[in-house]
Every structure is written in C-alpha cells, then in structure tokens.
Amino acid sequence: MRGDTSGSEPRTPAGNAPARSSLPPSVLATEQVDDAEADRLQQARMHEAVRRVRLGVNQVCLLILTVLAVLYTLNLAASIVLPMVMAVVTNLMLVTPMRLITHWTRLPKPLVALLLISGMFGCLAMVGMAVSGPAVAWLSHLPEEITVAQSRLVVLRTPLHLLQATSQRVQLLLSEGGGAHAAQAAAAPSMGGFMPLGSTLLESTQAFMGQLFTFFILLFFLLAQGDSLLRRFVEIMPTFNDKRRTVQIASHIERNISIYLATITMMNVFVGLANMVQCWLVGMPNPLLWGVVAFALNYIPIIGPFTGMVIYFCVGLFTFPVMLHAFIAPAIYLCIHVLEGETITPMLLARRFTLNPVLVMASLLFWDWMWGITGAFLSVPMLAVFKIICDHVDCLTPIGHMIGGPGQTHHDHEEHVSGA
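Reading the values: the criteria
In this convention, every chain numbers its residues from 1, walking through the sequence in written order. Given that the model is predicted, a residue must reach a pLDDT of at least 70 before its local features are reported, and side-chain atom pairs must reach 80 or more before they are shown or counted; all residues, however, enter totals for whole chains, interfaces and linings. Heavy atoms throughout the structure, all of them, feed into the side-chain values; hydrogens and water do not. Numbered from the N terminus, helices here are DSSP runs of H or I no shorter than four residues, and strands are runs of E no shorter than two. In this scheme, a residue with accessible area under 20% of its type's maximum is buried, one over 50% is exposed, and one in between is partly exposed, where area comes from a 1.4 Å probe on protein chains only. The contact criterion used throughout is that any non-hydrogen atoms of two residues lie within 4.5 Å. Counted as salt bridges are all cases of a side-chain nitrogen of Lys or Arg within 4 Å of a carboxyl oxygen of Asp or Glu. By nonpolar core is meant a set of buried Ala, Val, Leu, Ile, Met, Phe, Trp, Tyr and Cys residues that side-chain atoms within 4.5 Å join together. Helix span, expected: 1.5 Å multiplied by one less than the number of residues in the helix. Confidence scores here are pLDDT values: one per residue, from the predictor, ranging 0 to 100. Residues enter patches when their relative accessible area tops 30% and they take part in no salt bridge; the joining distance is 9 Å for like charges and 5 Å for the nonpolar side chains Val, Leu, Ile, Met, Phe, Trp and Tyr. For every accessible area listed, the method is Shrake-Rupley and the probe measures 1.4 Å; residues are considered covered only by the protein chains on display. Aromatic rings from Phe, Tyr and Trp, taking only the six-membered ring of Trp, are treated as a pair when their centres fall within 6.5 Å; an angle between ring planes under 30 degrees marks them as stacked, one over 60 as edge-to-face, and anything in between as tilted. Only the contacting stretch of a helix is used when fitting its axis, a line to C-alpha atoms as for every element, and angles between N-to-C directions run 0 to 180 degrees. For classification purposes, an angle smaller than 35 degrees is called roughly parallel, one larger than 145 roughly antiparallel, one from 65 to 115 roughly perpendicular, and anything else oblique. For a crossing to be left-handed, the near helix must be turned anticlockwise from the far one by less than a right angle; the clockwise case is right-handed. Put simply, Ala, Val, Leu, Ile, Met, Phe, Trp, Tyr, Cys and Pro go in the nonpolar bin, Asp, Glu, Lys and Arg in the charged bin, and everything else, Gly too, in the polar bin.

1. Quick notes on the overall build of the protein
What the protein contains, in helices and strands, is 16 helices and zero strands. Among the 420 residues that make up the protein, the fraction classed as buried is 32%. Sequence separation of 24 or more characterises 73% of the internal contacts of the protein that already satisfy a separation of 6 or more.

2. Description of the pattern of salt bridges
Going through the model one piece at a time under the given rule, you end up with five salt bridges. Residues Glu254 and Arg99 are paired through a salt bridge, measuring 2.4 Å at the closest nitrogen-oxygen approach. Of this pair, Glu254 sits in helix α9 (residues 240-282) while Arg99 sits in helix α3 (residues 78-105); the two residues are 155 residues apart in sequence, bridging distant segments of the chain. In this structure, the salt-bridge partner of Lys109 is Asp227, at a minimum N-O distance of 3.2 Å. Separated by 118 residues along the polypeptide, Lys109 in helix α4 (residues 109-140) and Asp227 in helix α8 (residues 194-235) bring together distant segments of the chain. In this structure Asp227 comes out as partly exposed when scored by relative accessible area, which is 25%.

3. Thoughts on the nonpolar core
Ranked by size, the top nonpolar core spans 28 residues in total, and within it Val85, Trp371 and Leu378 carry the most contacts. The set of elements that each furnish at least two residues to this core consists of α3, α9, α13 (357-371) and α14 (373-392). Here the element with the most residues in this core is α14; it accounts for seven residues. For Leu378, the contacting residues outside a window of four places in its chain are Leu82, Val85, Met86 and Val89. In terms of nonpolar packing, the next biggest core, distinct from the first, is built from 17 residues, Met284, Ala294, Leu297 and Phe318 among them.

4. Some thoughts on the environment of Leu230
Looking at where Leu230 falls in the secondary structure, it is placed in helix α8. Separated by 16 residues in sequence, Leu230 and Thr246 have C-alpha atoms that sit 9.0 Å apart.

5. Focus: helix α11 (residues 303-319)
The end-to-end C-alpha separation of α11 is 24 Å, in line with the 24 Å expected for 17 residues at 1.5 Å each. Among the residues of α11, those classed as buried are Gly304, Pro305, Gly308, Met309, Tyr312, Val315, Gly316, Leu317 and Phe318.

6. What about the confidence of the model for the protein?
Confidence in the prediction for the protein averages 74 pLDDT; 68% of positions are at 70 or higher. The element-level mean pLDDT for the protein is lowest in helix α16 (residues 406-419), coming to 42, with helix α10 (residues 287-297) highest at 89. Confidence over residues 1-33 falls short of pLDDT 50; this stretch has 89 contacts with residues more than four positions distant or in other chains. Here residues 177-195 is a poorly scored stretch, pLDDT under 50, and it has one contact once near neighbours within four places are set aside; other chains count.

7. Thoughts on a nonpolar patch on the surface
A contiguous nonpolar patch, built from Val60, Ile64, Leu65 and Leu68 and spanning about 360 Å² of accessible area, is present on the exposed surface. Note on placement: Leu65 falls in helix α2 (residues 57-76).

8. Focus: the packing of aromatic side chains
The description of two aromatic rings rests on the distance between their centres and on the angle between their planes. The tally for this structure, following the rule as stated, stands at ten aromatic pairs. Linked through ring pairs, Phe366, Trp367, Trp369 and Trp371 together constitute an aromatic cluster.

9. Re the packing of α9 against α14
At a closest axis distance of 10 Å, the pairing of α9 and α14 adopts a crossing angle of 150 degrees. Put simply, α9 runs roughly antiparallel to α14. Note on packing geometry: the crossing formed by α9 with α14 is right-handed. Contact with α9, carried on its side by Arg245, Gln248, Ile249, His252, Ile253, Asn256, Ile257, Tyr260 and Leu261, involves Val380, Pro381, Ala384, Val385, Ile388, Ile389 and His392 of α14 and no other residues of that element. The residue inventory of the contact of α9 with α14, partitioned by class, reads eleven nonpolar, four polar and one charged.

10. Some remarks on the packing of α9 against α10
Here α9 crosses α10 at 150 degrees, and the two axes come no closer than 7 Å. Put simply, α9 runs roughly antiparallel to α10. When the axes of α9 and α10 are compared, the crossing they make is right-handed. In this structure, α9 contributes Thr265, Asn268, Val269, Val271, Gly272, Asn275, Met276, Cys279 and Trp280 to the contact, and α10 contributes Pro287, Leu288, Trp290, Gly291, Ala294 and Phe295. A breakdown of the residues in the contact of α9 with α10 according to their chemical character gives ten nonpolar, five polar and no charged.

11. Description of the side chain of Thr90
Along the chain, Thr90 turns up in helix α3. In this structure Thr90 comes out as buried when scored by relative accessible area, which is 8%. Leaving out residues up to four positions away in the same chain, Thr90 has contacts with Met120, Phe215 and Leu219.

12. Structural notes on α9
One full turn of an α-helix is made of 3.6 residues, so residues set three or four places apart face in the same direction. For α9, spanning 43 residues, the distance from its first C-alpha to its last is 62 Å, which sits close to the expected 63 Å at 1.5 Å a residue. Note on α9: the residue one or two positions beyond its end, Gly283, has a positive phi of about 105 degrees.

13. Some thoughts on unusual backbone geometry
Of note in this structure, Arg106 is not a glycine but carries a positive phi near 60 degrees. Looking at where Arg106 falls in the secondary structure, it is placed in the loop between α3 and α4. Look at Asn286: it is not a glycine, yet its phi comes out positive at around 55 degrees. With respect to the secondary-structure elements, Asn286 resides in the loop between α9 and α10. In this structure Asn286 comes out as partly exposed when scored by relative accessible area, which is 28%.

Spelled out as structure tokens, the structure:
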C-alpha cells in the first residue's frame, strides 16, 4: 500500500549535540542511530506520551467539537481551501527542482517559479489537446455503441430486469409515507430546461476558473517566497528546541512528500505507457486516450485502478464483437497494476512511505466525500503530512504510531523479540 512517513533521520556534526530532555529522543531526532535503535526510541517516546496524557470527559468532548468544527469549516470553505491545499502539495513536488535550477542558473526565484509553472501548465495543455480530439470523437459515437453493447449483454437482461424491479418496489415502499412530497420529488426533474442547465454550467466554469487562478497565484508565491516564510516562522519560535522541531517537521514533509509524489508520478507514467501499448496491441481505439486515463486514475489508490478496469471493460464491450474479448484489456490492466502497485513501487519507496492500509482507505473515502476527486488525490499526501507532524509532537506520537504501516509494525515486533 502506498503511503509515507518515516523518512531517514537528519544528521548533525559531531560536538553539537543538543541538551537532553526528560522525554526519550524522537525517532526523527538528529542523532545518528540505526533503524533498530530508532524503533526502540520511538516506542519509548510513545509509551511516555501515553503515560503523560490523560484526557477527562470535558477535554474529550471539547476535542470532538473542535474536530467537527474544523471539518465543517473545511467543507464550507472548500472553494478556497481546496486550491490552497493543492498548491501546497504541488509546491512540495516542485520545490526541489526549483532550488536546483536556481542554484545552477543563478536566476531570480520569481523567474524560475514562473518558468516551472508555465512548463507544468504547458505539458498539461499539450496532453489535453492530444487526447481531446479522440475523446470527443469517441463520445460522439457513444450512443450507437451503447445500443450495440446492449445487444451483446442480452444474457444479463433477465437479472438486470429483476434488479430494476426490486429497486422500484423498494422505492415504492419508502415513498408510501411521503404523500405529496414524494409526488413533488418525482415531478421535480420535469421542471428542468435549457436555461437552468446553461446557468449551472456557466457557474461551474466560473468557479473552476476562480479556483484555478487561486491555485496558480498561491503556487507562484510559495515557490518564490516559501523559504522566507518558513524562516520567519522559525524565528518566532520561543526556544531552540521549538525552532529545531519546526525545521525538522518542514524538512521531513518537504523531502518525504516530494520523493513520494515524484516516485508515484514516475510509476504512473510507466502505467500509462504500458496501458497505451497494451491497448494498441489488443486493438482498442485511441490507445493514447486510455493511456492518459490510466495515468490519471493511478494517482487515486485502490478506487482509481478499479475505475480504470471498469472503463476498459466498457470500451472493450463497445469495440469487440465477442463479449469475452472485452475482458482482455481489463485483465492486462490488472496485471500491470499489481506489478506496479504491489512490487515495483513498494520496492522503490521501501520503508519511507508506510501507512496503514485501513487508514489510507478511510482517508480516501472521507476526503472523496468531502472534496470530490481532488480530495481523493490529496488524501494520501495529507495523511502522510499528518503522520510526520504526529511523529515530532510528543503528545501525538501514539497517533503517528497507529498511522504507520504493517511493515513497520512487523519490523518493530521482530526487534522487540530479538531484544528479548
């Protein structure tokens, strides 16, 4: 399972060891320790945090109300918060190339930031233009292909009719107590027309362009002036330990999330190219379009590849005369996904990105419900950032340990057994 968090520890020169605190040092502290020692330190720090933190009923209720208030605010202000979060995540992916280009060329940061954003937007525009033609052509023939597909699915007609009849009976039973409200709800769709649809599309386009403008503006300033903002934030920390902890959190988030996004993007390109080739070999139309679809969907764990297989099956059903042939492309898609998601990507990320699969799935479903498809894309990076913060904050260390993946837990158990 993809994930992130327990990055390698930063090093400090000898002779500059900071003063020891009453708590055991963090697994992400600056001492040079091996993995086994880091795991033992993390366990001790977690147990100490559990012993120290005791929440009463009033504190638990206040915490629950605070979380609910934050989630309600995020949902209410999604139109402005979502592009800001997207800009922060994109900045984490581009900040390393930004620094390298600035160091090599000695160009001003605003100019380099503008070039990077223009290059990213240009690449997306080129891909969009390349696939827009095949997509429009395929959509124009979709009604006729659906008619052909229905004739090929004649075997499933009886079960589908039975399922539809059962669904109608359930709806009838549920609407018996509704009276006039049910009749009004049934008649509501007939009141629609061209003008409401047109105004809805216009409003959606305006909202999308506003969010896109917010995204690019904030991304530009994060790339150009993000380091100075972090420096100012560190300066207001009251103690040296607070300053060091802030720098550690920022550096770990930047390094780990950037490596995660770069690795996932590279593997998604591989998945897109492999599926484009297999669509061309199998005989599916517009292989470039379906390769781009596989590339984009692979950013969303679990649900994305499953959706891709369903799309490939539907396209195969429209394309091939025999229904059995429609399963070839999704089967190859599944093999490519298993090879990439269960073998190559975990090997590249190793222990750096280990998140609990249950929490990854829960985060995916929650943020997809909260913010839609963009929230599903951001679910894993946000969960990884939350774990990094928990690993550095003493009272949140147990939560960070719970978010860790099963591989890390198994490793901890082995070290505990060998030490015993």
